[in-house]
Amino acid sequence: MEEIKKYEPFEVDQHITAQSRYYAGRMGSRFYIALRDQQKILGAKCPRCNKVLWPPRSTCGVCFSELTETVEIGPLGTVETFTVVTYNEPVQPRKAPFIYAVIKLDGADTGMAHFLDEVDFDEVHIGLRVRPVYARERNGNILDIQYFKPL
Amino acid sequence: MADRVAIVGIAQTKFAPKRVDVSCGEMAYEVIEEVLRQTGLEMKKDIDNAISCSHDIWDGQTISNIGITDVIGGHLRSEEKMALDGSTAVYYGTIGILSGEFDCTLLMAHTKMSQTNRNIVNNDAFDPIYTRLLGFDYTSAAALQVRRYMYKYGITPEQIARVVVKNLGNAKLNPVAHQSGNLTVAEVLSSPLVASPLRKLDIAPDTDGAVAMILASEKRARKITKNPVWIRGIGACYDAHYLGDRDLADVFALQKAAGQAYRMAGIKNPRRQIDVAEVGDDFSYQELLWMEGLGLCERGGAAKMLEAGATEIKGRLPVNPSGGLLGGVPINVYGLNRVAEAALQVMGQAGDHQVKKDVKIAVAQGHSGFCGQHQCVVVLGKE
Ligand SMILES: [Zn+2]
């Protein structure tokens, strides 16, 4: 039998598509309903650590307490870090160039990753005070906040 | 219970942008066959445990290791996969041998980054409820981390560009590296902006390849090689997931993982006792950040050490003499390659990129998740 040494590399073209529905849970459901219906941003309070966490979650990762209490945070916040993204990917909801930032909302001890807009790329800086712009049509997802913009 | 665990064999593919000539299994077999030949071991007779390291979404198969059981000796035998960085395969392989259950463990990490789109794959690492829909990937997340690090410690783009200059220069001496070059700081800083302040040359390129390694108990190691590399210490630690949960310039998880590994290895002063380090520079700035987390200098001090030449191949504490990940190593393989390169330094078999000083203790670091959420540290040593 002859061993084949030369061959044309053959590619198998595959696409994985999963239509997923992720349940937001006890805290996530409260957060998204408040955001969609009242344009309020909720965090979860850990009474033992005396910290307010965004995103709201049902367990404190530091002390392992079960968290049940939500508090309204923001809507104003401060930019902790940011980047100007120059490339496009189908998973991005905005067209490049756009700005990502981590924003610490007033009253929260952790930051929210989101978009910044209505600001010159050269003027964004750590410490910039920002406020959210809510989507006119809100569907109960993180894009109900369209982006943050300077005060 | 085994007293000590040694690395007794290492094989790496040449890392290449696109291996169209082989499937994942065939690529894995290249390094497995080579490491068995090198050590004179037989799969059925000698290897009593196997740990692979790959990723479901990268390979396009859940669970990714079920597609390679034949080549890793998993047919009707035990094989487990670490869906984390390759350094954790060393961690769990070591624990298995220390438990007394196994004597001779084959580790293998593989990924072909050319087979899919890295940003779309890595977007799936972000939690689906609050973050994924924003479109994040590892590069945009890393850009948030480097900005915070530069702000907090006054690090300049020029200082970070020097990591690229050093590592791509070192990569010229490493035959398995995928890219290398004589670059200047100005050239690095004029490469295209990807996610500010990160530029194209700050980012480890897409690469295909695999690494295999054999770990053995002391008793077995003595029979296999005259030049065993001892695993002196291991440590691993997780940090919080969400991008806003931690100050991204902090390195608490790495400090804890390193502390654990150093305690086990009896290292009290890493700056003096460690001779060479291979760290996970998926992005240029991470070399500096992880050096600080490993305690090789004070917080914010890594850039000065680099500028002083201390981390060059001929320096006081060479860091990434292999060229690091910027030279081109696939994701998931990152950490096993870090441990392999550190071990080659201890063996004195790193060839042209062998450091000039005598290497008694080497440290390797790997991480997985965006912004180094999970950290793993492996301390290696001579007799
Ligand atoms: Zn708590």
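All values derive from a computational prediction rather than experimental measurement. (Residues numbered from 1 in each chain as written. Chains lettered and ligands numbered in written order. Predicted model: local features only at pLDDT ≥ 70, side-chain atom pairs only at ≥ 80, totals over all residues. Heavy atoms only, no water.)

A. Summary view of the overall build of chain A. Within chain A, the regular secondary structure consists of 1 helix and 8 strands. Summarising its shape, the C-alpha atoms of chain A cover approximately 75 × 40 × 30 Å along the three principal directions. When burial is assessed residue by residue, chain A has 42% of its 151 residues classed as buried. Partitioning the contacts of chain A with sequence separation of at least 6, the portion at a separation of at least 24 is 51%. Of the roughly 9200 Å² of accessible surface on chain A, 48% is carried by carbon and sulfur atoms. If you average the places of the 19 positive and of the 20 negative side-chain charges in chain A, the two averages end up 9 Å apart. (Helix = DSSP H or I, 4+ residues; strand = E, 2+ residues; numbered from the N terminus. Buried < 20%, exposed > 50% of the residue type's maximum accessible area, 1.4 Å probe, protein only. Contact = heavy atoms within 4.5 Å. Areas by Shrake-Rupley, 256 points an atom, 1.4 Å probe, with all protein chains shown as cover. Lys, Arg positive; Asp, Glu negative; His and termini not counted. Charge placed at Lys NZ, Arg CZ, Asp CG, Glu CD.)

B. Fine view of the layout of surface pockets. Taken as a whole, the largest pocket holds about 1800 Å³ of empty space. Along the walls of the largest pocket sit 49 residues, with Gln 14 and Ile 16 of chain A together with Ile 57, Gly 60 and Thr 116 of chain B positioned nearest its centre. For the lining of the largest pocket, the elements supplying multiple residues, two or more each, are α1 (24-39), α3 (56-59) and α5 (118-123) of chain B. The biggest single contributor to the lining of the largest pocket is α3 of chain B, with 4 residues. Along the lines of polarity and charge, the residues of the lining of the largest pocket split into 21 nonpolar, 16 polar and 12 charged. As for the second largest pocket, its lining consists of 24 residues, and the residues nearest its centre are Val 62 of chain A together with Asp 239, Ala 240, Asp 245 and Arg 246 of chain B. Counting residues per element, the ones that place at least two in the lining of the second largest pocket are β2 (51-53) of chain A together with β8 (229-238) and α10 (252-265) of chain B. Of the residues belonging to the lining of the second largest pocket, the class tally is 9 nonpolar, 4 polar and 11 charged. (1 Å grid on protein atoms, 1.4 Å probe; cavity = no way out; pocket = protein on both sides within 12 Å on 5 of 7 lines; lining within 4 Å. Points joined across faces, edges and corners; volume = space filled by probe spheres on them. Nonpolar A, V, L, I, M, F, W, Y, C, P; charged D, E, K, R; others polar.)

C. Quick peek at the coordination of the zinc ion. Residue and element names in this part refer to chain A. Coordination sphere of the zinc ion, protein contribution only: Cys 46 (SG), Cys 49 (SG), Cys 60 (SG) and Cys 63 (SG), at 2.2 to 2.3 Å. One way to put it: the 4 donor atoms around the zinc ion meet at angles of 98 to 114 degrees, and that makes the site tetrahedral. In the primary sequence, the donor residues of the zinc ion line up as C-x2-C-x10-C-x2-C. Remark: Cys 63 occurs in the loop between β2 and β3 (69-73) and Cys 49 occurs in the loop between β1 (41-46) and β2; sequence separation between them is 14 residues. (Donors = N, O, S within 2.8 Å, 3.2 Å for Na, K, Ca; no water. Tetrahedral: all angles 85-135°; square planar, octahedral: opposite > 155°, others 65-115°.)

D. Here's a closer look at the pairing of strand β2 (residues 49-53) of chain B. All names here are of chain B. By the criterion of burial, β2 is predominantly enclosed, with 5 of the 5 residues buried. The pairing of β2 with strand β4 (residues 104-112) spans 5 bridges and is parallel. Within β4, the residue paired with Ser 52 across the bridge is Met 108. Looking at chain direction, β2 and strand β3 (residues 80-82) are connected through 3 bridges and run parallel. Note that in β3 the partner of Cys 53 across the bridge is Met 82. (Pairing = 2+ DSSP bridges.)

E. Geometry of helix α4 (residues 87-98) of chain B. Residue and element names in this part refer to chain B. Along its 12 residues, α4 runs 17 Å from first to last C-alpha, staying within 8% of the 16 Å computed at 1.5 Å per residue. Among the 12 residues in α4, 10 count as buried, and that is most of the element. Residues Ser 87, Thr 88, Ala 89, Val 90, Tyr 91, Gly 93, Thr 94, Gly 96, Ile 97 and Leu 98 constitute the buried set of α4. The positive-phi residue at the C-terminal boundary of α4 is Gly 100, with phi of around 90 degrees. (Expected span 1.5 Å × (residues − 1).)

F. View of the confidence of the model for chain B. Across chain B, pLDDT averages 95, with 99% of residues at or above 70. Across the whole predicted complex the pTM is 0.96, and at the interface the ipTM reaches 0.95. (pLDDT = per-residue confidence, 0-100.)

G. How the structure looks around the nonpolar core. If you look at the biggest cluster of nonpolar residues, it comprises 149 residues, and the most contacted ones within it are Ile 41 and Leu 116 of chain A together with Ile 7, Met 213, Leu 243 and Leu 380 of chain B. Tallying contributions element by element places helix α14 (residues 334-347) of chain B first for this core, with 9 residues. (Core = buried A, V, L, I, M, F, W, Y, C linked by side-chain atoms within 4.5 Å.)

H. How the structure looks around the pattern of salt bridges. Residues and elements named next belong to chain B. Evaluated as defined, the whole model comprises 28 salt bridges over all chains. Note that Glu 33 and Arg 37 form a salt bridge whose closest N and O atoms lie 3.6 Å from each other. Separated by 4 residues within a single helix, Glu 33 and Arg 37 lie in helix α1, roughly one turn from each other. Ionic pairing is found between Lys 81 and Asp 56, a salt bridge with its closest N-O pair at 2.5 Å. Of this pair, Lys 81 sits in strand β3 while Asp 56 sits in helix α3; the two residues are 25 residues apart in sequence, bridging distant segments of the chain. The pair formed by Lys 81 and Asp 56 is uniform in burial state, with each residue classed as buried. One connected set of salt bridges, linked through shared partners, spans Arg 4, Glu 218, Arg 222 and Glu 383. (Salt bridge = Lys/Arg side-chain N within 4 Å of Asp/Glu carboxyl O.)

I. Looking closely at the sheet that holds β2 of chain A. All names here are of chain A. The sheet built from 3 strands is open, its strands ordered β2-β1-β3 with antiparallel pairing. With partners counted over all chains shown, the strands left at the sheet margins are β2 and β3, one partner each. Each strand axis lies, on average, 45 degrees off the axis of its neighbour in the sheet, ignoring direction. Sheet topology note: the β1/β2 ladder contains 3 bridges and is antiparallel. Bridging across to β2, Lys 45 finds its partner in Val 52. Of the strands in this sheet, β1 and β3 touch helix α1 (residues 25-38), which is tilted by about 150 degrees from β1. (Axes fitted to C-alpha atoms, helices over the stretch in contact; angles between N-to-C directions.)

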